[in-house]
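# Residue-level structure breakdown
Residues per chain are reported as follows:
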Amino acid sequence: MTQDEMKQAVAQAAVDHIQGRLEDDSIIGVGTGSTANCFIDALAAIKDRFAGAVASSEATAERLRGHGIEVFDLNSVNVMDFYIDGADEFDPYLNLVKGGGGALTREKIVAAVAREFVCIVDQSKQVDLLGAFPLPVEVIPMARSYVGRQLAALGGQPQYREGCVTDNGNIIIDLHDLEILDPKALEAQLNNIVGVVTNGLFARRGADIILMGTPEGVKTLR
Ligand code: ABF
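Rules and cut-offs
Residues numbered from 1 in each chain as written. Predicted model: local features only at pLDDT ≥ 70, side-chain atom pairs only at ≥ 80, totals over all residues. Heavy atoms only, no water. Helix = DSSP H or I, 4+ residues; strand = E, 2+ residues; numbered from the N terminus. Rg over C-alpha atoms; globule rule 2.2 N^0.38 Å. Buried < 20%, exposed > 50% of the residue type's maximum accessible area, 1.4 Å probe, protein only. Areas by Shrake-Rupley, 256 points an atom, 1.4 Å probe, with all protein chains shown as cover. Patch = residues over 30% accessible without salt bridge, like charges linked within 9 Å, V, L, I, M, F, W, Y side chains within 5 Å. Salt bridge = Lys/Arg side-chain N within 4 Å of Asp/Glu carboxyl O. Arc of directions from axis to C-beta. Contact = heavy atoms within 4.5 Å. Axes fitted to C-alpha atoms, helices over the stretch in contact; angles between N-to-C directions. Parallel < 35°, antiparallel > 145°, perpendicular 65-115°, else oblique. Left-handed = near helix turned anticlockwise from the far one by under 90°. pLDDT = per-residue confidence, 0-100. Pairing = 2+ DSSP bridges.

Next up on the list: the overall build of the protein. If you tally the helices and strands in the protein, you get six helices and 13 strands. Its C-alpha atoms give the protein a radius of gyration of 17 Å, within 12% of the compact-globule value 17 Å for 222 residues. Counting all 222 residues of the protein, 53% fall into the buried class. Surface exposure of the protein reaches about 10100 Å², of which carbon and sulfur atoms provide 46%.

Following this line, the structure appears as C-alpha cells:
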C-alpha cells in the first residue's frame, strides 16, 4: 500500500466514523493538508447528509466549495460535533505537532470548538517523543527577532520559514532540534512569549481519536 493509499483509507475511515452521527444541521470542522484533502474528497459523497463545514484554511474552504459543500464562518456556529484533520507527528498520548502546512492557528481554533477531534494520519507520523518534526510557531511579523531569541533560549534552533505568510498575515518560525518532554507545559510556555500567536503543539487539546493508516489497514488509537 502506498502512502497516498493509506491517506485515502484513513480519510474514508473518518467518513465512516462520523456518518452515522450526522444530522441535517450538522457542521463539520475540516483541517488542512494532503490527508485532510483526501477526507474532503471522501466527504463529498455524503454532502447531502449534513449542513456544511467550517474550514481551517482558505485552501480547504476552496476545496470544500469546489465539491459543493457550504462553508460557514465559525462565528455563526454554536455546536460542532467533529473536527477532522491531519498531523505532522503524534505520540502515544495523542499529543500532536501540527502546522507544517502553516494553518496551525485556525486549526487550533476550530479544534477547540469541536466536541470530538478525529486525527487522520498515515503511520509515518507516529513517534515515541515529539520534536523530530520542527515545531511551527506563528508569530506577529514585528516580533520575529524577539521571538526567535526567546525560542533559542529554550534550547532549540529557530528557523524563519522563508516566503510563508499565514492566512492571518503572520510569519512562521520553525523550532528545530527540541526534544519535547512535556508537551502541555511547552505549549503553554510558548504561548506566553509576547508576539507568539500560537504554536503547533496540540497537547492541552490533543486528538480524541487517531485513525492511522498502515499497510495492514486502518488502526484506531484512543
Ligand atoms: C495539517 O496538515 C497540519 O497541521 C499538518 O501540518 C499537515 C499534515 O499534512 P499532511 O496530511 O499533508 O501530511 O493537518
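The next thing to look at is a nonpolar patch on the surface. A cluster of nonpolar side chains, namely Ile140, Met142 and Val197, defines an oily patch on the protein surface of about 310 Å² accessible area. Structurally, Val197 is set in strand β10 (residues 196-199). The class of Val197 is partly exposed, set by a relative accessible area of 34%.

Of all the residues in helix α5 (residues 144-153), the buried ones are Val147, Gly148 and Leu151. Taken down its axis, α5 places every buried residue within 105 degrees of arc, on the same side. Exposed and oriented more than 90 degrees from the buried face of α5 are Arg149 and Ala153. The elements touched by buried residues of α5 are β7 (135-139), β8 (157-160), β9 (171-176), α6 (183-191) and β10. After α5 finishes, the residue Gly155 shows a positive phi value of roughly 110 degrees.

Look at helix α2 (residues 34-43) against helix α3 (residues 58-66): their axes get within 10 Å of each other, and the N-to-C directions meet at 20 degrees. It follows from the interaxial angle that α2 and α3 lie roughly parallel. Helix-helix and strand crossings are classified by hand; for α2 and α3 the assignment is right-handed. Across from Asn37, Ile40 and Asp41 in α2, the residues of α3 making contact are Thr60, Arg63 and Leu64.

Considering all chains together, one arrives at nine salt bridges under this definition. Note that Arg63 is salt-bridged to Asp41, the shortest N-O span being 2.9 Å. Note that Arg63 is positioned in helix α3 and Asp41 in helix α2, a separation of 22 residues in sequence. On the accessibility criterion, Asp41 (34% relative accessible area) is partly exposed. In this structure, the salt-bridge partner of Asp85 is Lys98, at a minimum N-O distance of 2.6 Å. Of this pair, Asp85 sits in strand β3 (residues 80-85) while Lys98 sits in the loop between β5 (96-97) and α4 (104-113); the two residues are 13 residues apart in sequence, bridging distant segments of the chain. Summarising the burial analysis for this pair, Asp85 and Lys98 share the class buried. Salt bridges sharing partners connect three or more residues here, namely Asp85, Lys98 and Glu107.

With that out of the way, let us pick up the confidence of the model for the protein. Per-residue pLDDT for the protein has a mean of 96; in total, 100% of the residues score no lower than 70. Interface scoring of the predicted complex returns ipTM 0.96; its pTM is 0.95.

Another point: unusual backbone geometry. Even without a glycine there, the phi angle at Leu94 is positive, about 65 degrees. Within the secondary structure, Leu94 is located in the loop between β4 (89-90) and β5. Relative accessible area serves as the criterion here: at 6%, Leu94 is assigned to the buried category. With a phi close to 60 degrees, Asp177 is a non-glycine residue in the positive phi region.

Ordered in space as β4-β5-β11, the three strands form an open sheet in which the pairing is antiparallel. Two strands in the sheet have a free side with no partner beyond their single neighbour: β4 and β11 (201-202). Two strands pair when backbone bridges link them, and β4 and β5 are joined in this way by two bridges, in the antiparallel orientation. Across the sheet, the residue bridging to Glu89 is Val97, located in β5.

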